[in-house]
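Architecture at a glance
Take a look at the letters that make up each chain.
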Amino acid sequence: MPLMKLIYLVFLFIPLRIQLCHGQAQYDDYDDPAKAAPPPGQDNCNGVFMSYAFTSRNRELPHVKNVTAQSWAFKSIATIINSGTEEVKGWKMFVGFHHREILVAVSNAVVVDGGDLPLAVGNGTIVAGYPMTDLKTSIDTAGDYNQIAVQVEFTGTMFGLQEKAIPMPKTISLANEGWKCPKVTKYTTYMHTCCKKDPKYKGKPRGKYLPKQYGDLNIMYDVMKSYEGSYEAQVTMDNNNPLGRLDHWNVTWEWMRGEFIYSMRGAYTHKIDYSDCLYGIAGQFLKDFDFTQVMNCQKRPVITDLPATRANDSNIGKIPYCCRNGTLLPPLMDESKARSIFQLRVYKLPPDTSKTVLYPPQRWNITGVLNPHYKCGAPMRVDPTEFPEPTGLQATTYAIASWQIVCNITKPEKKKTKCCVSFSAYYNDSAIPCSTCACGCDDVDTDKCNPNGRTMLLPADALLVPFENRTAKAKAFAHLKHRPVPKRMPCPDNCGVSINWHINSDYKTGWTARITLFNWGETQFEDWFTAVEMKKAYPGYENVYSFNGTKLNSVKNKNTLFFQGLPGLNYLMGEVNGTKKNDPRVPGKQQSVVSFTKKQTPGINIRHGDGFPTKVFFNGEECALPDDFPRSAGHISQASITAVISIAILTFLLMQTDRFH
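Here the residue index of a chain counts from 1 through its sequence in written order. This being a predicted model, a pLDDT of at least 70 is required before a residue's local features are given, and a value of 80 or more before pairs of side-chain atoms are given or counted; all residues contribute to the totals for chains, interfaces and linings. Hydrogens and waters are ignored; side-chain quantities use all the structure's heavy atoms.

- As recorded in an unreviewed UniProt entry, the protein chain goes by Glycosyl-phosphatidyl inositol-anchored, plant and comes from Corchorus olitorius.
- UniProt positions are given in the numbering used here, feature names are shortened, and annotations may be inferred rather than shown by experiment. Recorded in UniProt under Subcellular location (unreviewed entry), the annotation for the protein chain is "Cell membrane".
- Here the protein chain is described in UniProt, under the heading Sequence similarities (unreviewed entry), as follows: "Belongs to the COBRA family."

So this is what it looks like as C-alpha cells:
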C-alpha cells in the first residue's frame, strides 16, 4: 500500500465521532492490521453500520487448572449507527456468542430472550434498544450522533479459553425484519458489517410507528390516561394460536425507571406490599406521598388473573375479559375466552414525571401451569389502539400511546416438557412407555435409578398404574420375554400427564386407534384439549367418538387433529386413591376411539408406523414422544441385527405358546 494512502486511512479513523473502543493494547503478541487502523467501514456504509469490539478479559476466581472450567470476566462494546436514509424503528441486534457466555450487565439495551440477569447466552442472543428504541437518520437530525447511533456495553463471564485467546462472537447482525447483513469483516478484537434493506421484503409500508405483528400470543400495553407523575394503562392479551393456551397465567415484567403499581383492576400482584417503595428510591423522591394504599413496589412484579368470584367486585373487578382464574383458551374452543384484560395505575419518578414522558415495562414473560413455553419480544411502539366510544356513540377513542409485545410458542427442550406419550398396538403385546426422564429428573435420586437408561417394555396393563407400581411388572415381563433386566432400573418419566396412542385395528378399508389421557397429578384440568399431528394418516381421518374432533391444516399446525371433551366430559380429573388400602393410586382418565379410512391414503402401512402420531400436544404443550413404536413380526426395521433376531425369537415363542394353548 502506498505510504500516502496508508497515512490517509490512519487519519480517517482518528476522529472521536466514531467513539469505538477496541481494547487491543494488552494483546501485543498478535500481528493485527486493525491495531494500526481499524477499517473505515462506517464511511463506506449506506445502511446500518454495526461493529463489535472486545475490550478486556480478566481471570475470575476460583483459579482452576482445567481450561474448560476456568471462568473469565469480559467486557465489550457494540456500536450501531444508522448511516442510511430510512429510520430504524425498534432496532434489535443479534450477537453470536459461543463461549458459554453469561451476561451480567447490558447498557442501553435489554436482552430479548427473557429471564433475569445474569443470563446464559452461549447460543447467541438478541438485544433490543432501551431507552432509545429507534435510530433516526442523519438527514432528519442534522447529523446528531446521539439520535442516529447507540453504543451497547456488555459485561459478563465466559468459559473454556486459553489465557491469550480472543473471545469474539461468531457474527453480528441487525435482527429487524426486512434487513440483510453481509458476512462480517473480522479482525482480532474487532468486527463490523453494513446491513441494508432487503429489496425483496414485502412488509407493510412504514408509518410513524411500527406496524403490528402477528404472534401466537399478542399483548398490548395501552396508556389510556396520563397525569403529572402517573398514568393509567390497560393490558390486553390475545391468544391467536389454535394450540396455544394458558391456565392460571402469571405475567411478569421489569420496571426500568423506578415505577410502581398503585392499584389494579381485573388482576392482582402475588405480593401486596409497599415497603420496597418506602425504603427505596420512590421514598426518597416522594417524601410526602402516602404509600399505604400502594399495591406493589417490586422491580419485577408477578401478576395473575382474578378468580371468577371477584368479577363483579366494584373495587377490583367489573371490566370485560377478566376474572377467569387465569384461563386463556384457543379461539377454536371459545373465542370469548381467548382474551384477557386488566388495568393498572402506575406512578413514575423524576425525571419522568411529565405527562408526555411514557416508557413501557421491559422483559415480559408469561407462564401457565401445564402449557406451552412462550418467548416474548421487546415492547414495540405501534399506532395508538382504537376503542369504541364507551357511552355508545358512533365514535372511536384512542389510547395515548400503545406498545405491542409479541410472544411465540417455543419447542420444549429435551427432558424439560410437561407431558409424554406411550405407544401400543393390538399386534404386539409389548407397550412402549414414556421415555426415561421425559419431563426431567431434577427431583429424583439418580443414584437409585438410571436417568439415561432405556425404558423397559411393559405389558399394556402396566400403563394404568403409577410408575412406582410398575417395577415388578416390568421385571416379570422382561423375564417372560427373556429380555435382560438392568442392575439399575431406568428413572421414571416424571410427567404429570401422559397420553397413550394404541392401534386398535387394521383392516382392508380402514383402521382405528384409541387415545387415552392420564392425569397423574392432583390438579384437575377443565376444558382440556389434545392434538395429534398425523403426517400420512391425516387425509383419512373419519371420526372421533367420545370427543369433539376438528381438522387443522394451517401453516403452523399442518396435518393436525384437534380433540376436546364433549359437554359433560370436559374435565380431566386428578389422581385419587385406589379402592382398597394397598391398591395403587388411580389416575384421572379420558378415552376415545378414532377411526380412519384408507380410501384417501393409498399405500399407508399401519404396522410400519404410519398409524402413530409424529407430534402430540396437551393443552398446548408439546409432549415427549417415545424413541420407537411397536413393530409387527414381519416388519424389518432399521434397528440393529440383534433387535431383529430378538423380535423373531419372541414371535416364535408366542407362536409356541399359542400352540400349547
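**A short note on the sheet that holds strand S20 (residues 362–367)**
- One open sheet accounts for four strands, arranged S17-S18-S15-S20; its pairing is antiparallel. Looking at strand neighbours, the two that pair on one side only are strand S17 (267–269) and S20, the edges of this open sheet. Going across the sheet, the axis of each strand differs from the next one's by a mean of 25°, ignoring polarity.
- Two strands are said to pair when DSSP picks up at least two bridges between them. For helices the rule is a DSSP run of H or I covering at least 4 residues; for strands it is a run of E covering at least 2, with both sets numbered from the N terminus onward. In this structure, strand S15 (residues 250–254) lies alongside strand S18 (residues 302–305), joined through three bridges in antiparallel fashion. Residue pairing across strands places Asn250 opposite Thr304, the latter belonging to S18. The axes are straight lines fitted to the C-alpha atoms, using for helices just the contacting stretch, and the angles between their N-to-C directions are given from 0 to 180°.

**Notes on the sheet that holds strand S32 (residues 529–533)**
- Taken in spatial order, the five strands line up as S34-S35-S32-S38-S39 in an open sheet, and their pairing is antiparallel. Looking at the sheet topology across the chains shown, the edges are occupied by strand S34 (547–552) and strand S39 (621–622).
- Where S34 meets strand S35 (residues 560–565), six bridges bridge the pair, whose relative direction is antiparallel. Bridge pairing in S35 links Leu552 to Thr560.

**Observations regarding the packing of aromatic side chains**
- Put simply, two rings from Phe, Tyr or Trp (the six-membered ring, in Trp's case) pair if the centres are within 6.5 Å, and we call them stacked under 30 degrees between planes, edge-to-face over 60, tilted for the rest. Applying the stated criterion across every chain yields a total of 30 aromatic pairs.
- With 5.9 Å between their ring centres and 55° between their planes, Phe260 and Phe291 make a pair best called tilted. Note that Phe260 is positioned in strand S16 (residues 260–265) and Phe291 in the loop between helix H6 (281–285) and S18, a separation of 31 residues in sequence.
- Ring centres of Tyr541 and Phe563 lie 6.4 Å apart, and the angle between their planes is 45°; on these two criteria the pair is classed as tilted. Residue Tyr541 is found in strand S33 (residues 541–544), and its partner Phe563 is found in strand S35; the two are separated by 22 residues along the sequence.
- Only protein chains enter the accessibility calculation, which uses a 1.4 Å probe; a residue is then buried when its area is under 20% of its type maximum, exposed when over 50%, and partly exposed in between. Among the residues examined, Tyr541 registers a relative accessible area of 13% and is labelled buried.
- A network of ring pairs unites the aromatic residues Tyr221, Tyr231, Trp249, Trp253, Trp255, Phe342 and Trp364 as a single cluster.

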